[in-house]
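So you can see what is in the structure, the chains are spelled out below.
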Amino acid sequence: MLNILLFAACSQRQDPITPPWANHLETADSTSFDLTAIQQAGELIGLTLSGPDTYYSYHGRHLGTQYLLGERFAKEIGVRLRMEVCRDSAELYARLSAGDGDIILLPIDTVKHSTPGWKVGQGKTLLAEAIQFWYSPKILEDVRLEEKQMFSQPLVHRRVYAPMLSRGVISHYDSFFRNYAKRIGWDWRLLAAQCYQESTFDPCAQSWAGAKGLMQIMPGTADHLGLSRDDMHDPEKSISAATRYLRELDCELSDVHDHYERQNLVLASYNGGLHHVRDAMRLAKRDGKNPHVWEQVKPYVLRLSQPKYYRDSLVQAGYMRGEETVEYVDHIRERYMKYRKSAR
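Model, not experiment: these values are computed from the prediction.

K.L.:
What am I meant to see in the overall build of the chain here?
P.N.:
When its secondary structure is counted, the chain shows 15 helices and eight strands. Expressed as a percentage of its 344 residues, the buried residues of the chain come to 49%. A separation threshold of at least 6 residues defines the contact pool for the chain, and within that pool the share at least 24 residues apart is 67%. Taken as a whole, the chain presents about 16300 Å² of accessible surface, with 49% of it coming from carbon and sulfur.

K.L.:
I keep staring at helix 4 (residues 89-97) and nothing clicks. Help me out?
P.N.:
Because the α-helix completes a turn every 3.6 residues, residues three or four places apart line up on one side. Within the sequence span of helix 4, burial applies to L92, R95 and L96. Seen end-on, helix 4 carries its buried residues on one side only, within an arc spanning 100 degrees. Against strand 1 (43-49), strand 4 (80-86), strand 5 (103-104) and strand 6 (119-120) lie the buried residues of helix 4. At the N-terminal boundary of helix 4, the capping side chain belongs to D88, with an oxygen 3.2 Å from the backbone nitrogen of A90.

K.L.:
What is the right way to read helix 7 (residues 174-182) from this model?
P.N.:
Taken as a whole, helix 7 has its buried residues at D174, F177, Y180 and A181. Axial view of helix 7: buried residues confined to an arc of 140 degrees, hence all on one face.

K.L.:
Before we go on, may I ask you to explain the nonpolar core in this structure?
P.N.:
Side chains of a nonpolar character, in soluble globular proteins, are inclined to be buried together. Within the largest apolar cluster, 91 residues are counted, with the highest numbers of intra-cluster contacts made by L44, F177 and M215. Examining the composition of this core, we find that seven residues originate from one element, helix 8 (residues 188-199), more than from any other. Residues contacting L44, with those up to four places away along its chain left out, are I38, F73, A74, V79, R80, L81, R82, D102, I103 and L127. Ranked by size, the runner-up nonpolar core spans seven residues in total, among them L47, C86, L92 and I104.

K.L.:
How should the sheet that holds strand 1 be read in this particular structure?
P.N.:
Two orientations exist for strands paired in a sheet by backbone hydrogen bonds: parallel and antiparallel. Reading across from one edge, 4-1-5-6 is the order of the four strands in this open sheet, with mixed pairing throughout. Each edge of the open sheet is held by one strand with a lone partner, namely strand 4 and strand 6. In this sheet, strand 6 lies alongside strand 5 in antiparallel orientation, the contact comprising two bridges. Paired with I103 across the bridge in strand 6 is V120. Against the sheet, helix 3 (residues 65-76) engages strand 1 and strand 4, with an angle of about 145 degrees to strand 4. In the packing of helix 4 onto the sheet, contacts are made with strand 1, strand 4, strand 5 and strand 6, and the angle to strand 1 comes to roughly 155 degrees.

K.L.:
Which parts of the structure should I look at to understand the side chain of S269?
P.N.:
Inspection of the secondary structure assignment puts S269 in helix 11 (residues 259-272). Within the local environment of S269, its side chain forms a polar contact with the backbone oxygen of L265, the two atoms lying 2.8 Å apart. Filtering out sequence-adjacent residues up to four positions away, S269 remains in contact with L249, L253, L274 and V277.

K.L.:
I would appreciate a short explanation of unusual backbone geometry in the present structure.
P.N.:
The general pattern is negative phi for most residues beyond glycine and trans for most peptide bonds. With phi around 55 degrees, T200 is a residue other than glycine that occupies positive phi space. Along the polypeptide, T200 turns up in the loop between helix 8 and strand 8 (206-207). For Q216, which is not a glycine, the phi torsion comes out positive at approximately 50 degrees. You can call Q216 buried: its relative accessible area is 9%.

K.L.:
Is there a simple way to think about the packing of helix 11 against helix 12 (residues 274-286) in this case?
P.N.:
Packing of helix 11 against helix 12 leaves a shortest axis separation of 7 Å and a crossing angle of 130 degrees. As far as their axial angle goes, helix 12 and helix 11 are oblique. Of helix 12, the residues touching helix 11 (which contributes L265, A268, S269 and G272) are L274, H276, V277 and M281.

K.L.:
How should I be thinking about the pattern of salt bridges in this particular structure?
P.N.:
Working definition: two side chains of opposite charge can pair if their charged atoms are close together. Here the structure, examined in full by the defined rule, presents 19 salt bridges. The partner of D279 in a salt bridge is R282, with the nearest N and O atoms 2.5 Å apart. Here D279 and its partner R282 are both found in helix 12, three residues apart, which amounts to about one turn of the helix. The class for D279 is buried, based on a relative accessible area of 0%. Salt-bridge contacts for E295 lead to K298; the nearest nitrogen and oxygen are separated by 3.1 Å. Highlighted residues: E295 and K298, both in helix 13 (residues 294-303), separated by three residues, approximately one helical turn. Several salt bridges converge on common partners, so that one network encompasses E43, R80, R82, E84, E91 and R95.

Parameters and conventions
- Residue indices follow the written sequence of each chain, beginning from 1 at its first position.
- Local features in a predicted model are, by the rule used here, given only for residues with pLDDT of at least 70; side-chain atom pairs are given and counted only at 80 or more, and totals for whole chains, interfaces and linings are based on all residues.
- Values reported for side chains reflect all heavy atoms of the structure, with hydrogen atoms and water molecules removed beforehand.
- A run of H or I in DSSP counts as a helix once it spans at least four residues, and a run of E counts as a strand once it spans at least two, with each numbered from the N terminus.
- Exposed residues in this analysis have more than 50% of their type's maximum accessible area, buried residues have under 20%, and partly exposed residues fall in between, with area computed by a 1.4 Å probe over protein chains only.
- Here, residues are in contact when the closest pair of their heavy atoms is within 4.5 Å.
- Only the protein chains shown count as cover for residues, and the accessible areas themselves come from Shrake-Rupley with a 1.4 Å probe.
- This arc is taken over the directions from the axis of the helix to the C-beta atoms.
- Here a polar contact means two N or O atoms within 3.5 Å. Within protein one must be a hydrogen donor candidate and the other an acceptor candidate, and residues neighboring in sequence count only if both atoms are side-chain atoms.
- Throughout this description, the term nonpolar core refers to a set of buried Ala, Val, Leu, Ile, Met, Phe, Trp, Tyr and Cys residues connected via side-chain atoms within 4.5 Å.
- Following DSSP output, two strands are said to pair if at least two bridges run between them.
- Under this scheme, a helix contributes an axis fitted over its contacting stretch, all axes are lines through C-alpha atoms, and angles between N-to-C directions fall in the 0 to 180 degree range.
- Orientation is classified from the angle alone, with under 35 degrees giving roughly parallel, over 145 giving roughly antiparallel, 65 to 115 giving roughly perpendicular, and any other angle giving oblique.
- Note on definitions: salt bridges are taken to be side-chain nitrogens of Lys or Arg within 4 Å of carboxyl oxygens of Asp or Glu.

Read these as geometric descriptors, not functional statements.
If you want it as structure tokens, here you go:
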């Protein structure tokens, strides 16, 4: 943790590096809860809007330029960052004034949203000084490079195995698929098709987002499902945990009565997140589409990458990289049709 005196001393530097938001480190009407109190609490609360340049969730990992930048600053002062997503600039300022957050985290080019940069609450002079002391243009460059590298490499590092071992045999794990698929009322070949899409049947597969094993389960999801992190690469335990998760999603989508359509929405939720899928369903319903039919929901999953849609008042989970989720469901269905012809 940096010494508080260092922050106070930043004004004595000969040539301090000025962050792009320096002129916007304004104060709002809020109860003073300055740097020392934030450090004692162990948490910096950031307020932001959902979006690819600010904050969003991707495969269970929090991303966005402003989030990653804020996370680095929070680590520098020895606390964790908690992001609170607001619907618009009015809510941002209202919550900052009420003391519900310590800082507004938005890029400086968001003038159209009336919030051009980082802002701290009234009386948080040490926090503002700490930001200016910490920031350098290289930090922003590093964050942008980090994001670029994330999406320029494969999501999952895995050994690619053939989609089938031989006619009638899909993988070494067919007996597990047969056993656990029965517990959720699925055709075992659909579960096998999903597994291939997740890991290409590589039990050692691991994504840069942190997902592991045959069914690419995130550590937090593993904890929720009772899967030991030491067992995340175990083939049977991964499949067993995944079917428990699929059952949970199936129950959450029990209002979708058609089995085929519910499976599609469950698959989409497994990949992209249930809350994002529910957002797409709400938008579809608003526009007169059937929210229980995947083909009518799919366009809205794609549109959740557009501000017009992810900032809609019906949307609760914000920005989504929907293209991957649509391809995920389509590829699984295509492979499943092939498995149905080749395996019994």
